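Architecture and fold: a report
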Amino acid sequence: MTVENTAARKPRRSSKRVSAAKKPTGSEPQLVQLLTPEGERVTHPDYDRHVADLGPEDLRGLYRDMVLTRRFDAEATALQRQGELGLWASLLGQEAAQIGSGRALRDDDYVFPTYREHGVAWCRDVDPTNLLGMFRGVNHGGWDPGSNNFHLYTIVIGSQALHATGYAMGVAKDGADSAVIAYFGDGASSQGDVAESFTFSAVYNAPVVFFCQNNQWAISEPTERQTRVPLYQRAQGYGFPGVRVDGNDVLACLAVTRSALERARRGEGPTLVEAFTYRMGAHTTSDDPTRYRHDEERAAWEAKDPILRLRKYLADQGHADEAFFTGLETESDALAKRVREAVRAMPDPDDMAMFEHVYADGHALVDEERAQFAAYQASFGTEPDSSSAAGAEEGK
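The text that follows walks through the structure, step by step, so that each part is easy to find. (Residues numbered from 1 in each chain as written. Predicted model: local features only at pLDDT ≥ 70, side-chain atom pairs only at ≥ 80, totals over all residues. Heavy atoms only, no water.)

Details of the overall build of the protein
Along its length, the protein carries 13 helices and 7 strands. Residues classed as buried in the protein amount to 52% of the 396 residues present. When contacts within the protein are restricted to residue pairs at least 6 apart in sequence, those whose partners lie at least 24 apart make up 74%. When the accessible surface of the protein is totalled, it reaches about 18,200 Å², and 49% of it is carbon and sulfur. (Helix = DSSP H or I, 4+ residues; strand = E, 2+ residues; numbered from the N terminus. Buried < 20%, exposed > 50% of the residue type's maximum accessible area, 1.4 Å probe, protein only. Contact = heavy atoms within 4.5 Å. Areas by Shrake-Rupley, 256 points an atom, 1.4 Å probe, with all protein chains shown as cover.)

Quick look at the environment of Phe373
Within the secondary structure, Phe373 sits in helix H12 (residues 364-378). Considering only alpha carbons, one finds Phe373 and Met352, 21 residues apart in sequence, at a separation of 8.0 Å. Beyond its immediate sequence surroundings of up to four residues, Phe373 is in contact with Asp351, Met352, Met354 and Phe355.

Points about a nonpolar patch on the surface
A contiguous nonpolar surface patch, about 330 Å² in accessible area, is contributed by Phe200, Val203 and Tyr204. Within the fold, Tyr204 resides in the loop between helix H7 (192-203) and strand E3 (208-214). Residue Tyr204 is classed as partly exposed on the basis of its relative accessible area, which comes to 46%. (Patch = residues over 30% accessible without salt bridge, like charges linked within 9 Å, V, L, I, M, F, W, Y side chains within 5 Å. Salt bridge = Lys/Arg side-chain N within 4 Å of Asp/Glu carboxyl O.)

Comments concerning H12
What sets the pattern is the α-helix's 3.6 residues per turn: residues three or four places apart point alike. Between its terminal C-alpha atoms H12 stretches 21 Å, which fits the 21 Å expected from 15 residues at 1.5 Å a residue. Here H12 has its buried residues at Val366, Arg370, Ala371, Ala374 and Gln377. Buried residues of H12 fall within an arc of 140° about the axis and therefore sit on the same side. (Expected span 1.5 Å × (residues − 1). Arc of directions from axis to C-beta.)

Here's the deal with unusual backbone geometry
Unusually for a residue other than glycine, Asp125 sits at a positive phi of about 65°. Assignment of secondary structure puts Asp125 in the loop between helix H3 (118-123) and helix H4 (132-136). Accessibility expressed as a relative area gives 64% for Asp125, which makes it exposed.

Quick notes on the packing of helix H2 (residues 95-102) against helix H8 (residues 250-265)
In a pair of packed helices, the angle between the axes and the distance between the axes together describe the arrangement. With their axes 7 Å apart at the nearest point, H2 and H8 run at an angle of 40° to one another. One element, H2, and the other, H8, form an angle in the oblique class. For H2 against H8, the interelement crossing comes out right-handed. Here Ala96, Ala97, Ile99, Gly100 and Ser101 of H2 lie close against H8, whose contacting residues are Val250, Cys253, Leu254 and Thr257. Looking at the contact of H2 with H8 residue by residue, the classes come out as 6 nonpolar, 3 polar and no charged. (Axes fitted to C-alpha atoms, helices over the stretch in contact; angles between N-to-C directions. Parallel < 35°, antiparallel > 145°, perpendicular 65-115°, else oblique. Left-handed = near helix turned anticlockwise from the far one by under 90°. Nonpolar A, V, L, I, M, F, W, Y, C, P; charged D, E, K, R; others polar.)

Some thoughts on the sheet that holds strand E7 (residues 271-276)
The 5 strands lie next to each other as E1-E2-E3-E7-E6, forming an open sheet whose pairing is parallel. Taken across any chain shown, the strands that pair with only one partner, and hence form the sheet edges, are strand E1 (110-112) and strand E6 (242-246). Each strand of the sheet is rotated relative to its neighbour by a mean of 20°, with strand direction disregarded. Taken together, the 5 bridges between E6 and E7 define a ladder with parallel strand orientation. Bridging across to E7, Val245 finds its partner in Ala275. (Pairing = 2+ DSSP bridges.)

Quick notes on helix H11 (residues 322-344)
Here H11 is 23 residues long and its end C-alpha atoms lie 34 Å apart, about the 33 Å a rise of 1.5 Å per residue gives. Buried positions along H11 lie against helix H1 (56-81), H3, H4 and helix H10 (306-316).

Focus: the pattern of salt bridges
For the structure shown, the criterion picks out 25 salt bridges. We note a salt bridge from Arg103 to Asp65, for which the minimum N-O separation is 2.8 Å. Of this pair, Arg103 sits in the loop between H2 and E1 while Asp65 sits in helix H1; the two residues are 38 residues apart in sequence, bridging distant segments of the chain. Take Asp65: its relative accessible area is 4%, and that puts it in the buried class. Among the salt bridges present, the one from Arg298 reaches Glu302, with a minimum N-O distance of 2.9 Å. Of the two residues, Arg298 and Glu302 both sit in helix H9 (residues 295-302), 4 residues apart, roughly one turn of that helix. You'll find Arg298 and Glu302 in the same group, each marked buried. One salt-bridge network, held together by shared partners, links Arg70, Glu95 and Asp305.

Some words on the packing of H1 against H10
At a minimum axis separation of 10 Å, H1 and H10 run at an interaxial angle of 150°. Between H1 and H10, the angle falls in the class roughly antiparallel. You can see that H1 and H10 cross each other, and the crossing is left-handed. Contacts between H1 and H10 involve Leu59, Arg60, Leu62, Tyr63, Met66, Val67 and Arg70 on the former and, on the latter, Pro306, Ile307, Leu310, Arg311, Tyr313 and Leu314. Class assignment of the residues belonging to the contact of H1 with H10 gives a composition of 10 nonpolar, no polar and 3 charged.

Below, the structure is given as structure tokens:
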């Protein structure tokens, strides 16, 4: 089975096409779409211009991004099952939302992710192996946020929306023309931190894009139990626009995010983007989605697989041949091998490192706790390394 088909065992093609410029009827939300599940390109009057510059090479690049991200994600899941990682949060099925929005960013834009934005990290040139240290328990994040304008993963649900809003307010006060993007899920939209960030960003006209990946399940809680209206409509109450995009359509996600970022850079304030997608796997590797979801639901979404639809479009348009797809398989195998080797080679953390960088100038209580822990470790016949011992001695 090829890597791009790992999420689609037996995809069922849907004969029902969603119009790209479809108007809502009743309570049905409008959905921006440029590439149908059948791999057909459709037009949209407001967003076509935002992808007009994409040529065959760019389209192949988006496909490559999604395939390699999915392969990395599958390898990380396997490593957790083998006991090499303590936990893993899969992005399976959400590749288009992340790659499309990630490729819309400029280098000087700043990203505040949750703990599932592996595809966005890929777009920001964060080495995939650096994402795994935290899940292995050897560090708190393996990259410098300032190097790629990609903040460390945030485990606390929704707090990164406030961080992004504050950062965006600072960007505006500095007079820069860059933008900020905050990623969160449908579950996080119920958090007070997200509501507060909407309020502050609207009042201060902050250049921030709120990108909600609505994968329809906040662990075992479906979206309809969290909101009375489609999530993107919540923006209206705060005074800024919201838009719902087909989260399995990489072209539409790219176009909508580009539009929102451009609006922010022009000083027109925040935008809420709701990428309507589906979490194909478990919430994390500690979750069992079979306890609360039906197989029929997943099967219906497998037919909307973001990678398969772009592959069909590339093949139908003559933008990619079998040599391209075969070469990508070889590249994905090499990536998986590199990830496996890097994880298993990660050194265990220094036991005393937890006491470092707690306070900028040190603290007497931390010094006391460091010394106590060093003595506790020594009681097992395990001496800390010289630097840790020196730190413990200083704290006596």
